[in-house]
Amino acid sequence: MTTTFPDVTISTDRLVLRPFEEEDVTALTEMMNDEYVTAWTTVAHPYTHADAHGWATRDSHAERTEGRGIVFAVTEFLTQRLVGIVHLQNTNWRTRATEVGYVTAPWARGEGYASESVLAVAQWLFRDQGFERLELRTAADNTASQQVAQKIGCISEGVLRNAWIVRTQTPDGGWSDTRTDLIVWSLVPEDLDEGDGYDGFDSYDGYAGSTAFGQRADAHGRAVGADWN
């Protein structure tokens, strides 16, 4: 049984999804220090150049080679600039199921890149890799991420109560932890076959899915449970 994803690049009309490279470090550092990324994910704050270097050159690649999933750097076709991340994680090779998380860079929001990139990965996952289920988890108040799930045709399956922690900004500029529910979404091959998924470029961008990295882990491999776009 195959237990690792192939080392691939996926292209859409506007985007190229590829493995991370050392040249992505500066943009990755800036993207991960955005306040919305801090709020909805578990990545370190501040997110340092060293954090980004470790992720781009080592940790993201280990997700694939160690069989946990695969990480794509989402880049614009024309400019080649980094505009996001799509991460498949918590992969179950026996049941052919995995979980998706994603991040959109602040300089690329409003372009529909999250929907476009996640759908492209879902199509590749089902049609080329023979998977049967893609799962997404969003914090209850993360409406942008929920809109992405709806736009690509995901079905809401239920709520995990009090299951996750998000960060809210305090008056002094710091951050505090707040518990929240998680909404569980799924996509299966039939959902795409029915043509109910993504139907064009939209303006939804968000941070999703118990995504973050590895066994529900963040960019450093620390266990997490949701929302990282």
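Residues numbered from 1 in each chain as written. Predicted model: local features only at pLDDT ≥ 70, side-chain atom pairs only at ≥ 80, totals over all residues. Heavy atoms only, no water.

1. Observations concerning the nonpolar core
Phase 1: Formed by 36 residues in total, the largest nonpolar core has its most connected members in Leu88 and Trp124.
Phase 2: Listing elements by their share of this core, those giving two or more residues are β2 (15-18), β3 (70-76), β4 (82-92), β5 (97-104), α4 (113-127), β6 (133-139), α5 (143-151) and β8 (175-187).
Phase 3: When neighbours within four sequence positions are excluded, Trp124 is seen to be in contact with Phe5, Pro6, Val8, Ile10, Ile70, Phe72, Leu88 and Gln129.
Phase 4: Formed by 17 residues, the second largest nonpolar core is a distinct cluster that contains Tyr47, Trp55, Leu82 and Ala105. (Core = buried A, V, L, I, M, F, W, Y, C linked by side-chain atoms within 4.5 Å. Buried < 20%, exposed > 50% of the residue type's maximum accessible area, 1.4 Å probe, protein only. Helix = DSSP H or I, 4+ residues; strand = E, 2+ residues; numbered from the N terminus. Contact = heavy atoms within 4.5 Å.)

2. Some remarks on unusual backbone geometry
Phase 1: Here His45 and Pro46 are connected by a cis peptide whose omega angle stands at 0°.
Phase 2: Within the element layout of this structure, Pro46 appears in the loop between α2 (35-40) and α3 (49-65).
Phase 3: The backbone of Arg96 shows a phi angle near 55°, a positive value even though the residue is not glycine.
Phase 4: Structurally, Arg96 can be placed in the loop between β4 and β5.

3. Examining a negative patch on the surface
Phase 1: Where like charges cluster on the molecular surface, the negative patch consists of Glu132, Glu190, Asp193 and Glu194.
Phase 2: For Glu132, the location among the structural elements is in the loop between α4 and β6.
Phase 3: Of the residues examined, Glu132 reaches a relative accessible area of 45% and is grouped as partly exposed. (Patch = residues over 30% accessible without salt bridge, like charges linked within 9 Å, V, L, I, M, F, W, Y side chains within 5 Å. Areas by Shrake-Rupley, 256 points an atom, 1.4 Å probe, with all protein chains shown as cover. Salt bridge = Lys/Arg side-chain N within 4 Å of Asp/Glu carboxyl O. Lys, Arg positive; Asp, Glu negative; His and termini not counted. Charge placed at Lys NZ, Arg CZ, Asp CG, Glu CD.)

4. Examining α4
Phase 1: Taking 1.5 Å as the rise per residue, α4 with 15 residues should run 21 Å; its terminal C-alpha atoms sit 21 Å apart, in good agreement.
Phase 2: Burial analysis of α4 places 13 of its 15 residues in the buried class, the great majority of the element. (Expected span 1.5 Å × (residues − 1).)

5. Examining the side chain of Thr75
Phase 1: Tracing the sequence through the fold places Thr75 in strand β3.
Phase 2: Residue Thr75 is classed as buried on the basis of its relative accessible area, which comes to 4%.
Phase 3: Not counting residues within four places of it along the chain, the set of residues in contact with Thr75 comprises Arg14, Leu15, Val16, Arg18, Gln80, Arg81, Leu82 and Val83.

6. A closer look at the packing of helix α1 (residues 25-32) against α3
Phase 1: For the pair α1 and α3, the least separation of the axes is 8 Å and the interaxial angle reads 120°. In terms of axis orientation, α1 runs oblique to α3. The hand of the α1/α3 crossing is right-handed. Judged by residue contacts, Val25, Leu28 and Thr29 of α1 engage His49, Ala52, His53, Trp55 and Ala56 from α3.
Phase 2: When its residues are assigned to classes, the contact of α1 with α3 shows five nonpolar, three polar and no charged. (Axes fitted to C-alpha atoms, helices over the stretch in contact; angles between N-to-C directions. Parallel < 35°, antiparallel > 145°, perpendicular 65-115°, else oblique. Left-handed = near helix turned anticlockwise from the far one by under 90°. Nonpolar A, V, L, I, M, F, W, Y, C, P; charged D, E, K, R; others polar.)

7. Overview of the confidence of the model for the protein
Phase 1: On average, residues of the protein score 88 in pLDDT, and 85% of them are at 70 or above.
Phase 2: Per-residue pLDDT stays below 50 along residues 196-204; that stretch engages in 31 contacts with residues further than four places along the chain or on separate chains.
Phase 3: This stretch, residues 209-229, has a pLDDT under 50; its non-local contacts, to residues over four places away or in other chains, come to 117 contacts. (pLDDT = per-residue confidence, 0-100.)

8. What to know about the pairing of β4
Phase 1: Of all eleven residues that make up β4, nine are buried, and the element is covered over most of its length.
Phase 2: Strand direction decides the pairing type here: β3 and β4, joined by six bridges, are antiparallel. Each bridged residue has a counterpart across the sheet, and for Ile70 the counterpart in β4 is Leu88.
Phase 3: Connecting β3 to the next strand, β4, in antiparallel fashion are five residues, including Gln80 with a positive phi near 65°.
Phase 4: Two elements, β4 and β5, share seven bridges in a ladder whose sense is antiparallel. Each bridged residue has a counterpart across the sheet, and for Ile85 the counterpart in β5 is Val103.
Phase 5: The hairpin formed by β4 and β5 contains four residues between the paired strands, and Arg96 there has a positive phi angle of roughly 55°. (Pairing = 2+ DSSP bridges.)

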